[in-house]
Amino acid sequence: MMSTSSLFHPLQLGPLQLPNRIVMAPMTRSRSSQPGDVPNDLMARYYAQRASAGLIVSEATPVSRQGQGYSFTPGIYSEEQVAGWRRVTDAVHAAGGRMVVQLWHVGRMSHASFQPDGVPVAPSALSPDAQVWVVGEDGVGRMVDCPLPRAMTVDDIRAVVGDFRRAAANAMRAGFDGVEIHGGNGYLLDQFLRTTSNHRTDDYGRSIANRTRFVEEVVAAVASEAGVERTGIRLAPFITQRNMNCPEIIPTILSLAKKLDEMGLAYIHLAEADWDDAPAIPEVFRHALRQTYKGRVIVAGKYDAGRAERILNQGLADLVAFGRPFVANPDLPARYAAKLPLAELDPQSLFGGDARGYTDYGVYAG
Ligand SMILES: Cc1cc2nc3c(=O)[nH]c(=O)nc-3n(C[C@H](O)[C@H](O)[C@H](O)COP(=O)(O)O)c2cc1C
């Protein structure tokens, strides 16, 4: 069905032709195959079911074992994982879709059980005062406290930049159409940006230019493999949880946005609301971002079709990402186009488990 809604105007994103402005937001679902955190055919089916999105952003995907903080999240550092992702991208492309991978390093949002040397890394040895989901040897998943991380050395920083570079190269081999760097939600890149989590006194701390340095190095490394026109970043300026309430974050993000503009980055993806941490984004920030950064802007966080159309029509975003609505509605664009009712999602089956609450949500059947 044709629709006059701005949600259904096509858009060019770097080399990608998107048929609509609807993005499937990145969502961790913790269903990779064990051992090895390997993407599988069930995941291929889940993503292919949602291929009518203008763009799919994969669930957050660790660039290394050190970068993992939650059980069963699929990685992109082993050959087995690259082969698994190839099956996913093939299925999405066969269904007519486009998909980028969200590259992730959790930093201090981790747990000893994931860490090769038992201790998570961070810009500084400061606790996030938060929890991560870990499946124990008894097979039961629990929320557990994040331990105190150790401060990264400059060699550690270089190694992580190298892990992002290798992951981006792997993403291209796995057939992704691009790469989204996870720079939000209190994970490693975000930890470098904020004075609350970054107490470094070297070239990576104190001033705004120093706090954005690590993110710029990661972006440059990823872009060198994926192409800058296929590289985007997710940022979450307004979160406060996880000890992230930094008083300097807005000027820091705007300074970073200027550098990303100069680099020619394809898009900035704003995570506005994550779970219950749902700050309202002031319009003045949206305008400032548009003035500073000329690439595409994606917004996400509790949007419905009406709010999404309004922000597109105001010119304050180019694309809108939907998370939870896509879980229960694999045919979300068709439902929005025809103004059909949406199915409710089952929160109990979000993380881990099997096809139930994952690939068994149907298309609209009247
Ligand atoms: C089950 C679940 C998993 C999520 N995992 C991720 C993730 O891996 N990476 C990320 O950047 N955001 C993640 N998010 C946040 C979503 O991308 C999105 O920003 C958020 O759900 C708000 O959008 P919504 O109201 O449309 O769901 C997750 C959200 C949910 C509900």
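The notes below deal with the structure included here. Note that this is a predicted model, so its numbers are computed, not measured. (Residues numbered from 1 in each chain as written. Predicted model: local features only at pLDDT ≥ 70, side-chain atom pairs only at ≥ 80, totals over all residues. Heavy atoms only, no water.)

1. So, the pattern of salt bridges
Consideration 1: All chains considered together, the criterion is met by 18 salt bridges.
Consideration 2: Note that Asp117 and Arg150 form a salt bridge whose closest N and O atoms lie 3.7 Å from each other. Remark: Arg150 occurs in strand β9 (residues 150-151) and Asp117 occurs in the loop between β5 (99-104) and β6 (121-122); sequence separation between them is 33 residues.
Consideration 3: The class of Asp117 is partly exposed, set by a relative accessible area of 49%.
Consideration 4: Given the relative accessible area of 28%, Arg150 is considered partly exposed.
Consideration 5: One continuous salt-bridge network, built from bridges that share partners, spans Asp117, Arg150 and Asp156. (Salt bridge = Lys/Arg side-chain N within 4 Å of Asp/Glu carboxyl O. Helix = DSSP H or I, 4+ residues; strand = E, 2+ residues; numbered from the N terminus. Buried < 20%, exposed > 50% of the residue type's maximum accessible area, 1.4 Å probe, protein only.)

2. Overview of the pairing of strand β8 (residues 141-145)
Consideration 1: Sheet topology note: the strand β7 (residues 131-135)/β8 ladder contains five bridges and is antiparallel. Residue pairing in the sheet places Val132 in a bridge with Val144 of β8.
Consideration 2: Linkage of β7 to β8, two consecutive antiparallel strands, is achieved through a turn of five residues, within which Gly139 is found at a positive phi near 80°. (Pairing = 2+ DSSP bridges.)

3. Thoughts on the site of the ligand
Consideration 1: Looking at the ligand, there are 20 residues lining it, with Pro26, Thr28, Arg234, Lys302 and Arg324 nearest.
Consideration 2: Within the backbone of Lys302, one N or O atom sits 2.7 Å away from an oxygen atom of the ligand.
Consideration 3: Expressed as a share of its isolated accessible area of 600 Å², the protein-covered part of the ligand is 96%.
Consideration 4: Split into classes, the residues belonging to the shell around the ligand amount to ten nonpolar, six polar and four charged. (Near = heavy atom within 4 Å. Polar contact = N/O pair within 3.5 Å; in protein donor to acceptor, adjacent residues only side chain to side chain. Areas by Shrake-Rupley, 256 points an atom, 1.4 Å probe, with all protein chains shown as cover. Nonpolar A, V, L, I, M, F, W, Y, C, P; charged D, E, K, R; others polar.)

4. With respect to unusual backbone geometry
Consideration 1: At the junction of Gln34 and Pro35, the peptide bond is cis and its omega measures out at -5° in the coordinates.
Consideration 2: Of note, the phi angle at Asp37 is positive, near 50°, even though the residue is not glycine.
Consideration 3: With respect to the helices, strands and loops of the structure, Asp37 is situated in the loop between β3 (22-24) and α1 (41-49).

5. Brief notes about the sheet that holds β3
Consideration 1: Reading around the circumference, β3-β4-β5-β10-β11-β12-β13-β14 is the order of the eight strands in this closed barrel, with parallel pairing throughout. Looking at each pair of strands side by side, their axes are set apart by 25° on average, direction ignored.
Consideration 2: Sheet topology places β3 next to strand β14 (residues 319-322); three bridges connect them, and they run parallel. Directly across from Ile22, in β14, lies its bridge partner Val320. (Axes fitted to C-alpha atoms, helices over the stretch in contact; angles between N-to-C directions.)

6. Comments concerning helix α7 (residues 249-263)
Consideration 1: Here α7 is 15 residues long and its end C-alpha atoms lie 21 Å apart, about the 21 Å a rise of 1.5 Å per residue gives.
Consideration 2: Among the residues of α7, Ile249, Thr252, Ile253, Leu254, Leu256, Ala257 and Leu260 are the ones counted as buried. (Expected span 1.5 Å × (residues − 1).)

7. With respect to α1
Consideration 1: Along α1, the residues classified as buried are Met43, Ala44, Tyr46, Tyr47 and Ala48.
Consideration 2: Residues of α1 that are buried sit in contact with β3, β4 (55-62), α2 (79-94) and β5.
Consideration 3: The opening residue of α1, the one whose side-chain oxygen lies 3.2 Å from the backbone nitrogen of Leu42, is Asn40. (Contact = heavy atoms within 4.5 Å.)

8. A word on the nonpolar core
Soluble globular proteins tend to bury their nonpolar side chains together.
Consideration 1: One finds Leu103 and Phe214 to be the most contacted residues of the largest nonpolar core, which totals 82 residues.
Consideration 2: In contact with Leu103, not counting residues within four places along its chain, are Thr61, Val63, Ile76, Phe164, Ala167, Ala168, Val179, Glu180, Ile181, His182 and Val222.
Consideration 3: Counting 15 residues, the second-largest nonpolar core is a separate cluster that includes Val23, Leu55, Val57 and Leu319. (Core = buried A, V, L, I, M, F, W, Y, C linked by side-chain atoms within 4.5 Å.)

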